[in-house]
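Reading the structure
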Amino acid sequence: MPLPKPQPAEPTTDPYAVLPEALRRLALRGELKRYRKGVTLIHEGAQGDTLFVLLAGRVRVFGSADNGREITYGTYGPGEYLGEIILDGGPRSASVITLEPTACALVTRQTLLQHISDHPEFAFDLLAKVIHRARAATLSTKQLALDDVYARLASLLNTLAMPQADGTRLIAERLTHQAMANRLGCSREMVSRLMKDLEGGGYLRPDADALILLRTLPARW
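Residues numbered from 1 in each chain as written. Predicted model: local features only at pLDDT ≥ 70, side-chain atom pairs only at ≥ 80, totals over all residues. Heavy atoms only, no water.

Glancing now at the side chain of Glu84. Positionally, Glu84 belongs in the loop between strand E6 (81–82) and strand E7 (95–98). Those residues in contact with Glu84 that lie beyond four places of it in its chain are Leu51, Leu126, Val130 and Arg133. (Helix = DSSP H or I, 4+ residues; strand = E, 2+ residues; numbered from the N terminus. Contact = heavy atoms within 4.5 Å.)

On average, residues of the chain score 85 in pLDDT, and 89% of them reach the 70 mark or higher. Element-level pLDDT for the chain is lowest in helix H3 (residues 122–146), with a mean of 73, against a maximum mean of 96 in strand E1 (residues 31–35). Here residues 3–7 is modelled with pLDDT under 50, and outside its nearest four sequence neighbours on either side it reaches zero contacts, counting other chains as well. (pLDDT = per-residue confidence, 0-100.)

So, about the sheet that holds E7. Here we have four strands laid out as an open sheet, ordered E2-E7-E4-E5, and antiparallel in their pairing. At either margin of the open sheet sits one strand with a lone partner, and together these are strand E2 (40–42) and strand E5 (70–76). Geometrically, the sheet is characterised by an average inter-axis angle of 30 degrees between neighbouring strands, direction not taken into account. Pairing analysis gives two bridges linking E2 to E7, with the strands arranged antiparallel. Looking at E7, one finds that Ile42 is bridged to Val96. (Pairing = 2+ DSSP bridges. Axes fitted to C-alpha atoms, helices over the stretch in contact; angles between N-to-C directions.)

Turning our eyes to something else, we now look at the environment of Glu80. Mapped onto the elements, Glu80 comes out in the loop between E5 and E6. Accessibility expressed as a relative area gives 23% for Glu80, which makes it partly exposed. In the structure, Glu80 is positioned 27 residues away from Val53 in sequence and 6.1 Å away in space, judged by C-alpha atoms. Sequence-distant contacts of Glu80, that is, excluding residues within four places in its chain, are made with Phe52, Val53, Leu54, Lys129 and Arg133. Within the structure, the side chain of Glu80 is placed 2.9 Å from the side chain of Lys129, a separation counted as a polar contact. (Buried < 20%, exposed > 50% of the residue type's maximum accessible area, 1.4 Å probe, protein only. Polar contact = N/O pair within 3.5 Å; in protein donor to acceptor, adjacent residues only side chain to side chain.)

Here the focus is the sheet that holds strand E8 (residues 102–108). Read from one edge of the open sheet, four strands run E1-E8-E3-E6, paired in antiparallel fashion. Each edge of the sheet is formed by a strand with only one pairing partner; in this case those strands are E1 and E6. For E1 and E8, the ladder comprises five bridges, and the chain directions are antiparallel. Opposite Arg34, over in E8, you have Ala103 as the bridge partner. The strands touched by helix H2 (residues 109–118) within the sheet are strand E3 (50–56) and E8, with E8 carrying the most contacts at an inclination of about 75 degrees.

One way to put it is that helix H5 (residues 177–184) packs onto helix H6 (residues 188–200) with a least axis distance of 8 Å and a crossing angle of 110 degrees. By the criterion of interaxial angle, the relationship of H5 to H6 is roughly perpendicular. At the point where H5 passes H6, the crossing takes the right-handed sense. For the pair H5 and H6, the contacting residues are His177, Gln178, Met180, Ala181 and Leu184 in the first and Arg188, Val191, Ser192 and Met195 in the second. A breakdown of the residues in the contact of H5 with H6 according to their chemical character gives five nonpolar, three polar and one charged. (Parallel < 35°, antiparallel > 145°, perpendicular 65-115°, else oblique. Left-handed = near helix turned anticlockwise from the far one by under 90°. Nonpolar A, V, L, I, M, F, W, Y, C, P; charged D, E, K, R; others polar.)

In C-alpha coordinates:
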(Lines give C-alpha, C1' and ligand atoms only; values in the text may rest on other atoms or scores of the structure.)
Protein backbone atom coordinates (compact mmCIF):
# COMPACT_ATOMS: atom_id res chain seq x y z
CA MET A 1 0.00 0.00 0.00
CA PRO A 2 1.61 3.34 -1.05
CA LEU A 3 2.44 5.81 1.65
CA PRO A 4 0.30 8.95 1.69
CA LYS A 5 1.92 11.98 0.12
CA PRO A 6 3.06 14.55 2.65
CA GLN A 7 0.80 17.56 2.75
CA PRO A 8 2.28 21.06 2.51
CA ALA A 9 2.49 22.86 5.81
CA GLU A 10 -0.39 25.16 6.55
CA PRO A 11 0.62 28.81 6.24
CA THR A 12 0.82 30.48 9.60
CA THR A 13 -2.10 32.69 10.56
CA ASP A 14 -0.37 34.05 13.64
CA PRO A 15 0.24 37.77 12.97
CA TYR A 16 2.84 37.83 15.77
CA ALA A 17 4.99 35.09 14.21
CA VAL A 18 7.27 37.66 12.52
CA LEU A 19 8.46 39.01 15.87
CA PRO A 20 11.44 37.86 17.93
CA GLU A 21 10.30 36.22 21.15
CA ALA A 22 11.17 39.15 23.44
CA LEU A 23 9.13 41.58 21.33
CA ARG A 24 6.37 39.03 20.76
CA ARG A 25 5.73 38.82 24.50
CA LEU A 26 5.24 42.58 24.62
CA ALA A 27 3.07 42.73 21.48
CA LEU A 28 0.72 40.05 22.83
CA ARG A 29 -0.11 42.44 25.68
CA GLY A 30 -1.31 45.03 23.18
CA GLU A 31 -4.30 45.45 20.89
CA LEU A 32 -4.11 44.26 17.28
CA LYS A 33 -5.09 46.96 14.77
CA ARG A 34 -5.09 47.02 10.97
CA TYR A 35 -4.78 50.17 8.83
CA ARG A 36 -5.19 51.09 5.19
CA LYS A 37 -2.44 52.71 3.12
CA GLY A 38 -2.05 56.43 3.79
CA VAL A 39 -3.21 56.45 7.43
CA THR A 40 -1.26 58.69 9.82
CA LEU A 41 -0.53 56.67 12.95
CA ILE A 42 1.44 59.34 14.81
CA HIS A 43 1.28 63.13 14.44
CA GLU A 44 4.43 65.13 15.14
CA GLY A 45 4.01 67.34 18.22
CA ALA A 46 0.94 65.48 19.49
CA GLN A 47 0.73 63.86 22.90
CA GLY A 48 0.45 60.09 22.87
CA ASP A 49 0.94 57.09 25.11
CA THR A 50 1.00 54.29 22.52
CA LEU A 51 3.87 52.17 21.22
CA PHE A 52 3.30 50.66 17.75
CA VAL A 53 4.78 47.19 17.12
CA LEU A 54 4.77 46.50 13.37
CA LEU A 55 3.45 43.07 12.37
CA ALA A 56 2.88 43.58 8.63
CA GLY A 57 3.21 46.35 6.05
CA ARG A 58 5.54 49.37 5.96
CA VAL A 59 5.46 52.87 7.44
CA ARG A 60 7.36 56.11 6.83
CA VAL A 61 8.66 58.27 9.67
CA PHE A 62 9.00 61.96 8.78
CA GLY A 63 9.14 65.50 10.06
CA SER A 64 7.48 68.61 8.63
CA ALA A 65 8.41 72.29 8.53
CA ASP A 66 6.00 75.22 8.77
CA ASN A 67 6.32 75.72 5.00
CA GLY A 68 5.04 72.20 4.34
CA ARG A 69 8.37 70.65 3.34
CA GLU A 70 9.04 67.19 4.72
CA ILE A 71 12.13 65.16 5.50
CA THR A 72 11.95 61.37 5.84
CA TYR A 73 13.85 59.84 8.73
CA GLY A 74 13.31 56.25 7.63
CA THR A 75 10.92 53.51 6.55
CA TYR A 76 10.17 50.53 8.78
CA GLY A 77 8.56 47.11 8.43
CA PRO A 78 7.58 44.03 10.43
CA GLY A 79 9.61 43.42 13.59
CA GLU A 80 10.21 47.11 14.28
CA TYR A 81 8.48 49.25 16.86
CA LEU A 82 7.84 52.99 16.92
CA GLY A 83 6.85 55.50 19.55
CA GLU A 84 9.31 54.49 22.26
CA ILE A 85 9.64 58.19 23.12
CA ILE A 86 6.39 57.80 25.10
CA LEU A 87 8.56 56.84 28.06
CA ASP A 88 9.43 60.49 28.76
CA GLY A 89 5.83 61.68 28.51
CA GLY A 90 6.73 64.39 25.97
CA PRO A 91 5.18 65.16 22.57
CA ARG A 92 5.79 63.00 19.52
CA SER A 93 9.04 63.92 17.76
CA ALA A 94 7.94 62.79 14.26
CA SER A 95 4.94 61.70 12.22
CA VAL A 96 4.34 58.14 11.00
CA ILE A 97 2.21 57.21 7.98
CA THR A 98 1.44 53.82 6.46
CA LEU A 99 2.91 53.15 2.99
CA GLU A 100 0.76 50.06 2.44
CA PRO A 101 -1.87 48.10 4.39
CA THR A 102 -0.31 47.66 7.84
CA ALA A 103 -0.98 45.66 11.00
CA CYS A 104 0.27 46.80 14.41
CA ALA A 105 0.04 45.80 18.02
CA LEU A 106 -0.76 48.92 20.06
CA VAL A 107 0.84 48.92 23.50
CA THR A 108 0.06 51.66 26.02
CA ARG A 109 2.74 53.34 28.14
CA GLN A 110 1.33 51.71 31.27
CA THR A 111 1.45 48.27 29.63
CA LEU A 112 5.04 48.87 28.46
CA LEU A 113 6.12 49.86 31.99
CA GLN A 114 4.42 46.78 33.42
CA HIS A 115 6.15 44.60 30.81
CA ILE A 116 9.54 46.06 31.73
CA SER A 117 8.76 45.40 35.39
CA ASP A 118 7.94 41.75 34.57
CA HIS A 119 10.81 41.35 32.08
CA PRO A 120 13.61 43.78 33.08
CA GLU A 121 15.86 42.46 30.30
CA PHE A 122 13.55 44.12 27.74
CA ALA A 123 14.75 47.50 29.02
CA PHE A 124 18.14 46.77 27.41
CA ASP A 125 16.47 46.09 24.04
CA LEU A 126 14.54 49.33 24.34
CA LEU A 127 17.66 51.27 25.31
CA ALA A 128 19.60 49.79 22.39
CA LYS A 129 16.82 50.86 20.01
CA VAL A 130 16.85 54.42 21.35
CA ILE A 131 20.66 54.63 21.07
CA HIS A 132 20.63 53.22 17.52
CA ARG A 133 18.07 55.76 16.37
CA ALA A 134 19.88 58.61 18.12
CA ARG A 135 23.08 57.65 16.29
CA ALA A 136 21.21 57.45 12.99
CA ALA A 137 19.72 60.90 13.60
CA THR A 138 23.17 62.29 14.43
CA LEU A 139 24.62 60.82 11.22
CA SER A 140 21.73 62.18 9.19
CA THR A 141 22.20 65.66 10.66
CA LYS A 142 25.93 65.51 9.97
CA GLN A 143 25.30 64.50 6.36
CA LEU A 144 22.83 67.35 5.89
CA ALA A 145 25.33 69.81 7.31
CA LEU A 146 28.55 68.62 5.66
CA ASP A 147 27.69 66.68 2.50
CA ASP A 148 26.42 68.11 -0.75
CA VAL A 149 23.19 66.77 -2.26
CA TYR A 150 24.93 64.32 -4.59
CA ALA A 151 26.93 62.79 -1.71
CA ARG A 152 23.70 62.26 0.25
CA LEU A 153 21.98 60.77 -2.81
CA ALA A 154 24.85 58.37 -3.49
CA SER A 155 24.87 57.31 0.16
CA LEU A 156 21.12 56.62 0.04
CA LEU A 157 21.35 54.58 -3.18
CA ASN A 158 24.34 52.59 -1.93
CA THR A 159 22.55 51.83 1.35
CA LEU A 160 19.41 50.53 -0.37
CA ALA A 161 21.13 48.54 -3.14
CA MET A 162 21.50 44.75 -2.90
CA PRO A 163 24.25 42.89 -4.89
CA GLN A 164 23.07 40.65 -7.76
CA ALA A 165 24.68 37.59 -9.37
CA ASP A 166 25.46 39.53 -12.57
CA GLY A 167 27.52 42.14 -10.69
CA THR A 168 24.85 44.83 -10.68
CA ARG A 169 23.03 46.05 -7.58
CA LEU A 170 19.26 46.19 -7.24
CA ILE A 171 17.04 48.62 -5.34
CA ALA A 172 13.77 46.70 -5.22
CA GLU A 173 11.83 49.61 -3.74
CA ARG A 174 11.29 52.12 -6.55
CA LEU A 175 11.36 55.44 -4.72
CA THR A 176 9.86 58.48 -6.38
CA HIS A 177 12.10 61.50 -6.80
CA GLN A 178 9.93 63.33 -4.26
CA ALA A 179 10.39 60.49 -1.74
CA MET A 180 14.17 60.68 -2.22
CA ALA A 181 14.10 64.46 -1.87
CA ASN A 182 12.22 64.07 1.42
CA ARG A 183 14.94 61.78 2.71
CA LEU A 184 17.77 64.00 1.51
CA GLY A 185 16.41 67.37 2.59
CA CYS A 186 16.51 68.91 -0.89
CA SER A 187 14.17 69.72 -3.78
CA ARG A 188 12.61 67.12 -6.08
CA GLU A 189 14.04 69.04 -9.05
CA MET A 190 17.58 68.57 -7.74
CA VAL A 191 17.07 64.82 -7.33
CA SER A 192 15.54 64.54 -10.81
CA ARG A 193 18.50 66.32 -12.38
CA LEU A 194 21.07 64.16 -10.60
CA MET A 195 19.21 60.92 -11.38
CA LYS A 196 18.95 61.91 -15.05
CA ASP A 197 22.69 62.65 -15.14
CA LEU A 198 23.53 59.30 -13.51
CA GLU A 199 21.28 57.45 -15.93
CA GLY A 200 22.82 59.28 -18.88
CA GLY A 201 26.29 58.40 -17.59
CA GLY A 202 25.44 54.70 -17.52
CA TYR A 203 25.55 54.37 -13.73
CA LEU A 204 21.95 53.31 -13.20
CA ARG A 205 18.85 52.17 -15.06
CA PRO A 206 15.18 52.26 -14.02
CA ASP A 207 13.54 48.86 -14.48
CA ALA A 208 9.79 48.45 -13.91
CA ASP A 209 9.31 49.01 -10.17
CA ALA A 210 13.01 48.73 -9.36
CA LEU A 211 16.26 50.60 -9.90
CA ILE A 212 19.45 48.90 -11.10
CA LEU A 213 22.89 50.28 -10.26
CA LEU A 214 25.04 49.19 -13.20
CA ARG A 215 28.41 50.22 -11.78
CA THR A 216 29.99 51.93 -8.81
CA LEU A 217 28.69 55.43 -8.28
CA PRO A 218 31.39 58.13 -8.49
CA ALA A 219 32.55 59.65 -5.22
CA ARG A 220 31.85 63.16 -6.48
CA TRP A 221 29.62 64.63 -9.19
